[in-house]
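Topology and contacts: notes
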Amino acid sequence: MIFVLGATGKVGRHLVPALLDAGAHVRALTRDPAKARIDPRAEAVRGDLGTSDLPALLAGADRVFVLTQGHSADREAAVAHAAAQAGVTHLVKLSTTGVHFGQQDPITLAHAEAEQAIREAGPAWTILRPGAFMDNRFAWLGSIQAENAVYVPDTDPPSALVHVRDIAEVATLVLTTSGHEGATYELTGGEALTAEQQVAILAEAIGRPLKYVEETESAAKDRLVRTYGWPAKAVDGLFALKRESAPHEHVVFDTVERLLGRPPLTFAAWARENASAYHHLE
Ligand SMILES: NC(=O)c1ccc[n+]([C@@H]2O[C@H](COP(=O)([O-])OP(=O)(O)OC[C@H]3O[C@@H](n4cnc5c(N)ncnc54)[C@H](OP(=O)(O)O)[C@@H]3O)[C@@H](O)[C@H]2O)c1
């Protein structure tokens, strides 16, 4: 049985059905099964990594997909330790390319520490290090719906955004076939696009022009606090990560194509799939 953490998130909601399609028995973790809309073929279990009894959650698991949202190395170390005790044979951790590039922001440092805990826990391990997700562009929804405009910090670099379905497919391969033990895979899309190019591709997909507006970092921070009510600390954390990742975000790795035997999904494909979400609000 494969135990999936983060089963309802951006990666997990693609990973669970892909594993089931590959014939695996899946246990999917969520804090709220009633709201979660987990594929009914999976065994949905209620649990909170902060408070739940990890040995009970892990009982009977052979493999674990380790994804945490809170960027807590301690939490992942606790999962890795409990997994080793429970007889899990393979841990697959979702990390970030930032670790490959030695970034020093708090989110990347927590992933680096968690990777180490996974490697030292005992079971075989595989580390997946994706770059920035295409899904991050859902952050543009509000201003596109309201005013057909996208506001981008003037420091945002060209980025080789990766489709979460490619991450999920690689995770499925790693969790259901052998030969990936001890491997670390950096995962990106196939080309680096500037934010202006991304906006043009999205405009084409949704069928109406979009205004592209660059703004200063402080204006962009104010917008996140004002529009989404983000705590200032979370906004600072995001921009610390952005500053550290900016010099590397254009780098393209060939891992997705090497592992899946096809080119990575493109931002144009992502934009077409998600175009309907960007409808204009009158
Ligand atoms: N976005 C990017 O560009 C990017 C790039 C590289 C790496 N990453 C990494 O990707 C990870 C996030 O993945 P994602 O975007 O797929 O996740 P996500 O969409 O943010 O979803 C978070 C998941 O974590 C679960 N979760 C949150 N708190 C929990 C808790 N206390 N106990 C149990 N489950 C909990 C949620 O489940 P419920 O709400 O159902 O309980 C949900 O399934 C982070 O580690 C991030 O650093 C992101």
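Model, not experiment: these values are computed from the prediction.

Turning our attention to the side chain of Thr 126. Note that Thr 126 resides in strand β6 (residues 124-130). One polar contact links Thr 126 to His 90, side chain to side chain, over a distance of 2.7 Å. A polar contact of 2.7 Å, which involves the side chain of Thr 126, links it to the backbone oxygen of His 180. Those residues within four positions of Thr 126 in sequence are excluded, and the remaining contacts are His 90, Leu 91, Val 92, Lys 93, Val 174, His 180, Glu 181, Gly 182, Ala 183 and Tyr 185.

Right, let's talk about the nonpolar core for a bit. Ranked by internal contacts, the top residues of the largest apolar core, which has 34 residues, are Val 4, Phe 65 and Leu 128. Examining the composition of this core, we find that seven residues originate from one element, helix α8 (residues 164-176), more than from any other. Once you skip the residues sitting within four places of it in the chain, Phe 65 turns out to touch Phe 3, Val 4, Leu 5, Val 11, Leu 15, Val 92, Leu 94, Leu 128, Ala 171 and Leu 175.

One frequent convention defines the size of an interface as the accessible area lost when the parts assemble. Partitioning the chain into structural domains gives domain 1 (2-133 + 162-187) and domain 2 (135-159 + 190-250 + 265-278). Centre-to-centre separation of domain 1 and domain 2, based on C-alpha positions: 26 Å. Each side of the interface is counted separately: domain 1 has 15 residues, and domain 2 has 13 residues. Together, the buried faces of domain 1 and domain 2 total about 1300 Å²; carbon and sulfur atoms form 56% of this surface. For domain 1, the biggest contributors to the area lost against domain 2 are Gln 103, Phe 133 and His 163; these three give 36% of the whole.

Counted by the stated rule, this structure contains 17 salt bridges. A salt bridge links Lys 221 to Glu 217; its shortest N-O distance comes to 3.5 Å. In this pair, Lys 221 and Glu 217 are both assigned in helix α10 (residues 217-228), four residues apart and thus about one turn of the helix distant. For Glu 217, a relative accessible area of 22% corresponds to the partly exposed category. Its salt-bridge partner being Asp 254, residue Arg 258 comes within 3.2 Å of it at the nearest N-O pair. Since its relative accessible area comes to 55%, Arg 258 is described here as exposed. By sharing partners, the salt bridges in this structure join Glu 115, Arg 119, Arg 129 and Glu 186 into a single network.

Helix length check: helix α11 (residues 232-245) (14 residues) gives 20 Å between terminal C-alpha atoms against 20 Å at 1.5 Å per residue, within 8%. The inward-facing, buried residues of α11 abut α6 (106-120), β7 (149-153) and α10.

Right, let's get into the sheet that holds β6. Across a sheet, paired strands are connected by hydrogen bonds in the backbone, their directions being either parallel or antiparallel. Read across the sheet, seven strands follow the order β3-β2-β1-β4-β5-β6-β8 without closing on themselves; strand pairing throughout is parallel. Both edges of this open sheet fall to β3 (43-46) and β8 (184-187), since each of them pairs with a single strand only. For this sheet, the mean inter-axis angle between neighbouring strands, taken without regard to orientation, is 20°. Across the sheet, α6 touches β4 (63-66), β5 (90-94) and β6, and the angle it forms with β6 is around 160°.

Basis of the calculations
Residues numbered from 1 in each chain as written. Predicted model: local features only at pLDDT ≥ 70, side-chain atom pairs only at ≥ 80, totals over all residues. Heavy atoms only, no water. Helix = DSSP H or I, 4+ residues; strand = E, 2+ residues; numbered from the N terminus. Polar contact = N/O pair within 3.5 Å; in protein donor to acceptor, adjacent residues only side chain to side chain. Contact = heavy atoms within 4.5 Å. Core = buried A, V, L, I, M, F, W, Y, C linked by side-chain atoms within 4.5 Å. Buried < 20%, exposed > 50% of the residue type's maximum accessible area, 1.4 Å probe, protein only. Domains from an automatic or database assignment. Buried area = accessible area lost by both parts, 1.4 Å probe. Salt bridge = Lys/Arg side-chain N within 4 Å of Asp/Glu carboxyl O. Expected span 1.5 Å × (residues − 1). Pairing = 2+ DSSP bridges. Axes fitted to C-alpha atoms, helices over the stretch in contact; angles between N-to-C directions.

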